[in-house]
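# Descriptive analysis of the structure
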Amino acid sequence: QVQLVESGGGLVQAGGSLRLSCAASGRTFSSYGMGWFRQAPGKEREFVAAISRSGSSTYYADSVKGRFTISRDNAKNTVYLQMNSLKPEDTAVYYCAASGGVLVTTDSRYDYWGQGTQVTVSS
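Since the structure is predicted, the reported quantities are computational estimates derived from the model, not experimental observations. The residue numbers shown here count from 1 along each chain, following its written sequence. Since the coordinates come from a predicted model, pLDDT governs what is reported: local features require at least 70, and pairs of side-chain atoms require 80 or more to be given and counted, while whole-chain, interface and lining totals use all residues. Working from all heavy atoms in the structure, the side-chain values ignore hydrogens and water.

A few words now on the overall build of the chain. Only DSSP runs of H or I reaching four residues or more are called helices, and only runs of E reaching two or more are called strands; each is numbered from the N terminus. The helix and strand inventory of the chain stands at zero helices and 11 strands. Taken from the N to the C terminus, the helices and strands of the chain come in the order β-β-β-β-β-β-β-β-β-β-β. Two things to know: the radius of gyration comes from C-alpha atoms, and the globule rule equals 2.2 Å times the number of residues to the power 0.38. On C-alpha atoms alone, the chain measures out to a radius of gyration of 13 Å, which is about the 14 Å that the 2.2 N^0.38 rule sets for 123 residues. In terms of overall dimensions, the chain has C-alpha extents of about 40 × 25 × 25 Å along its principal axes. For this analysis, residues touch if any pair of their heavy atoms sits within 4.5 Å. When contacts within the chain are restricted to residue pairs at least 6 apart in sequence, long-range pairs at least 24 apart make up 58% of them. Computed by Shrake-Rupley with a 1.4 Å probe, the accessible areas treat only the displayed protein chains as cover when residues are assessed. Carbon and sulfur atoms make up 45% of the accessible area of the chain, which totals about 6100 Å². Counting rule applied: Lys, Arg positive; Asp, Glu negative; His and chain ends not counted. Positions of charges follow a simple convention, taking NZ of Lys, CZ of Arg, CG of Asp or CD of Glu. Of the charged side chains in the chain, 12 are positive and 9 negative; the average position of the first set lies 6 Å away from that of the second.

The subject of this paragraph is the packing of aromatic side chains. Each pair of aromatic rings taken from Phe, Tyr and Trp, with Trp reduced to its six-membered ring, is defined by centres within 6.5 Å and is described as stacked if the planes are under 30 degrees apart, edge-to-face if over 60, and tilted in the remaining cases. Scanning all chains against the criterion turns up seven aromatic pairs. Ring centres 5.8 Å apart and planes at 85 degrees place the aromatic pair tyrosine 32 and tyrosine 112 in the edge-to-face group. Pair noted here: tyrosine 32 is in the loop between strand E3 (18–24) and strand E4 (33–39) and tyrosine 112 is in strand E10 (residues 112–113), with a separation of 80 residues, a long-range link. Burial classes: relative accessible area under 20% of the type maximum marks a residue as buried, over 50% as exposed, and values in between as partly exposed (1.4 Å probe, protein chains only). With relative accessibility at 13%, the residue tyrosine 32 sits in the buried group.

Below, the discussion takes up unusual backbone geometry. The backbone phi angle of asparagine 77 is positive, close to 55 degrees, even though this residue is not glycine. With respect to the helices, strands and loops of the structure, asparagine 77 is situated in the loop between strand E7 (68–73) and strand E8 (78–83). Its identity is not glycine, yet leucine 103 carries a phi of approximately 55 degrees, on the positive side. Here leucine 103 shows up in the loop between strand E9 (92–99) and E10.

Salt bridge, as applied in this entry: a Lys or Arg side-chain nitrogen positioned within 4 Å of an Asp or Glu carboxyl oxygen. Inspection of the entire model under this criterion finds five salt bridges. With its nearest N and O atoms 3.4 Å apart, the salt bridge here joins aspartate 107 to arginine 45. Highlighted residues: aspartate 107 in the loop between E9 and E10 and arginine 45 in the loop between E4 and strand E5 (46–51), separated in sequence by 62 residues. On the basis of relative accessibility, which here comes to 26%, the residue aspartate 107 falls in the partly exposed class.

By convention in this document, the label disulfide applies to cysteine sulfur atom pairs within 2.5 Å. Using the criterion set out here, one finds one disulfide in the structure. The disulfide partner of cysteine 22 is cysteine 96, and the S-S distance across this bridge is 1.9 Å. Torsion about the S-S bond of the cysteine 22 and cysteine 96 cystine: about 45 degrees, corresponding to right-handed handedness. Linking cysteine 22 in strand E3 with cysteine 96 in strand E9, this pair joins segments that are 74 residues apart in sequence. Considered together, cysteine 22 and cysteine 96 belong to a single accessibility category, that of buried residues.

Below, the discussion takes up the pairing of E8. Counting buried residues in E8 gives five out of six residues, a clear majority hidden from the surface. Pairing analysis gives six bridges linking E7 to E8, with the strands arranged antiparallel. Pairing of threonine 69 across the sheet is with glutamine 82, part of E8. Where E7 folds back onto E8 in an antiparallel hairpin, the turn is made up of four residues, including asparagine 77, whose phi is positive at roughly 55 degrees. The pairing criterion is simple: DSSP has to find at least two bridges between the two strands.

From the geometry alone we can't say anything about function, so treat these as descriptive.
Structure, rendered in structure tokens:
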């Protein structure tokens, strides 16, 4: 069982940066691939980024590639999402999730989810 708690969301102007954190409970954090997803109002939840168990491999959605960076610290049971050059279209609730798979982009393959944190980018 893994419990996930996101933090770091907020309101930022276009072009600004935010760093999201996702703290995980339990001793098995390093055995899970981790991912970030987002859901904007009226839209389906979409994949943002994923990271392997060790953190050596990452994968990004085309819409955030070059602007967002996913990382993890297994000693702290935490995964991060550094978001730079934010755009109004990045506005959404951001969720972290844990999967038994590696670099998974499909939300149905994630077993545990956080409650989400709101990111709002003003133009």
